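Descriptive structure summary
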Amino acid sequence: MSNPTRKHTALPKAQILIEALPWLVRHNGRTVVIKFGGNAMVDEELKAAFAQDVVFLHHAGLKPVVVHGGGPQISRALETHGIVSEFKAGLRVTTEDAMDVVRMVLAGQVQRELVNLLNEHGPLAVGLTGEDAHTITATKHRPEIDGELVDIGRVGEITAIDTGAIEALLADGRIPVVSSIARSQDDGHVYNVNADTAAAALAAALDAETLMVLTDVEGLYEDWPNSDEVISRLTASQLEKLLPELSSGMVPKMEGCLHAVRNGVHTARVIDGRVQHSILLEIFTDEGIGTMVVPDENEGASS
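The rules we used
- Residues numbered from 1 in each chain as written.
- Predicted model: local features only at pLDDT ≥ 70, side-chain atom pairs only at ≥ 80, totals over all residues.
- Heavy atoms only, no water.
- Helix = DSSP H or I, 4+ residues; strand = E, 2+ residues; numbered from the N terminus.
- Rg over C-alpha atoms; globule rule 2.2 N^0.38 Å.
- Buried < 20%, exposed > 50% of the residue type's maximum accessible area, 1.4 Å probe, protein only.
- Contact = heavy atoms within 4.5 Å.
- Lys, Arg positive; Asp, Glu negative; His and termini not counted.
- Charge placed at Lys NZ, Arg CZ, Asp CG, Glu CD.
- Expected span 1.5 Å × (residues − 1).
- Polar contact = N/O pair within 3.5 Å; in protein donor to acceptor, adjacent residues only side chain to side chain.
- Patch = residues over 30% accessible without salt bridge, like charges linked within 9 Å, V, L, I, M, F, W, Y side chains within 5 Å.
- Areas by Shrake-Rupley, 256 points an atom, 1.4 Å probe, with all protein chains shown as cover.
- Salt bridge = Lys/Arg side-chain N within 4 Å of Asp/Glu carboxyl O.
- Arc of directions from axis to C-beta.
- Pairing = 2+ DSSP bridges.
- Axes fitted to C-alpha atoms, helices over the stretch in contact; angles between N-to-C directions.
- pLDDT = per-residue confidence, 0-100.
- Core = buried A, V, L, I, M, F, W, Y, C linked by side-chain atoms within 4.5 Å.

This paragraph deals with the overall build of the protein. A count of helical and extended segments in the protein gives 9 helices and 18 strands. For the protein, whose C-alpha radius of gyration is 20 Å, the value lies close to the compact-globule estimate of 19 Å for 303 residues. Seen along its three principal axes, the alpha-carbon backbone of the protein occupies a region of about 80 × 45 × 35 Å. Taking all 303 residues of the protein together, 47% fall into the buried category. If you take every contact in the protein between residues at least 6 apart in sequence, the share linking residues at least 24 apart comes to 73%. Separation between the mean location of the 24 positive side-chain charges and that of the 43 negative ones in the protein comes to 6 Å.

With that settled, the discussion passes to helix α2 (residues 44–59). With 16 residues, α2 extends 23 Å between its outermost C-alpha atoms, agreeing within 8% with the 22 Å of an ideal straight helix rising 1.5 Å per residue. Along α2, the residues classified as buried are L46, K47, A49, F50, A51, D53, V54, V55, L57 and H58. Buried positions along α2 lie against β1 (31–36), β2 (63–68), α4 (96–118), β10 (175–179), β13 (210–215) and α9 (278–284). For α2, the side-chain oxygen to backbone nitrogen distance between the N-cap and E45 is 3.0 Å, and the N-cap itself is D43. Downstream of α2 by one or two residues, G61 has phi in the positive range, about 95°.

Turning to a negative patch on the surface, a few remarks are in order. Taken together, the side chains of E218, E222, D223, D228, E229 and E245 make up a negatively charged region of the molecular surface. Its location among the elements puts E245 in the loop between α7 (236–242) and α8 (250–262). E245 gets classed as exposed once you look at its relative accessible area, which sits at 63%.

Another aspect to go through is a nonpolar patch on the surface. Among the surface-exposed residues, I18, L21 and V25 lie close enough to one another that they form a single nonpolar patch of about 310 Å² accessible area. With respect to the helices, strands and loops of the structure, L21 is situated in helix α1 (residues 11–27). We classify L21 as partly exposed; its relative accessible area is 45%.

Where helix α5 (residues 164–171) is concerned, the buried positions are I166, L169 and L170. The buried residues of α5 all sit within an arc of 100° when viewed along its axis, so they share a single face. Buried positions along α5 lie against β1, β2, β5 (125–129), β10 and α6 (195–205). Trailing α5 by a residue or two, G173 shows a phi angle of about 75°, which is positive.

Pairing is mixed across the open sheet formed by 4 strands, whose spatial order is β9-β6-β11-β12. The outermost strands of the open sheet, each flanked by one partner alone, are β9 (156–161) and β12 (190–192). Between one strand axis and the next, the sheet turns by 50° as a mean value, whatever way the strands run. Inspection of the sheet shows strand β11 (residues 181–184) paired to β12 by 3 bridges, in the antiparallel sense. Within β12, the residue paired with A182 across the bridge is Y191. Its contacts with the sheet put α6 on β6 (136–140) and β9, and the angle it makes with β9 is roughly 15°.

Mean pLDDT over the protein: 90, with 94% of residues reaching 70 or higher. In this model residues 299–303 is a low-confidence stretch, pLDDT under 50, and it forms 11 contacts with partners more than four residues away in sequence or in other chains.

Let's shift gears to the nonpolar core. Counting 43 residues, the largest nonpolar core has I34, F50, L57 and F284 as its most contacted members. Among the elements of the structure, α1, β1, α2, α3 (71–80), α4, β10, β13 and α9 are those that each provide at least two residues to this core. Among the elements that line this core, the one with the most residues is α4, at 11 residues. Setting aside residues up to four positions removed in sequence, F284 forms contacts with E19, A20, W23, L24, F56, L57, A60 and L62. Counting residues in hydrophobic clusters, the runner-up holds 39 residues, among them V33, V193, V213 and M250.

Below, the structure written as structure tokens:
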């Protein structure tokens, strides 16, 4: 007689799959926008795990859209070209020369690498920038510093989103990978736009189920630096009150989450991109990681 215990070694795997079932049902056919950034962009193992997660979502019946920037890669390339990186109000001052490098790095290097990683799993990913089919339109952004409007070059403020090309790709079963460059609304140039902001604007325009922003921290901390307790969930209004106290790097991410949930996205999450498969952990398990933002009226809803 065969040994019955032998058959049960795979049981924990089955239980994990079953735990994912309610999430699979809930998210089936829904669009999820993922902002790829931080350590996950530069660490080879994390990059490979990220690609696996996105392809898994695709095969699990979700419609992932990836948006990326490329801060570290841009800084390196500018240095190689002898262009000094200068920041004002937390944004990179982008001269005409710098913009050529930004465009080359984002569309020609970071995006290509990501598309190729995803396409190791099948003919899935298609790269585009905000310039393609008027996907992202922007006008010149002038931040206010000490009461003065400052010129920081070709940095854009998003004025319009056209989701046509992305929706056509999703309908065709593809995974769009979008570089955060925008066409100009008024002067024939292109603009460098913050990738967190671009991801949030696209999530809202696509009526996405969720926006996920990968970061290099565990989430939003309760009382940083006095405590490393992560706030696991908060409403739009609660987040709005916290915004003035946040560190400069966290502001565009949390402003993006706020914009998303105030414009029809059901949940927005900041998750730790340093954890392998953090996307799957967040979407398909009870032990979600990171910080989730929900619209005010959804305060009692489950994740």
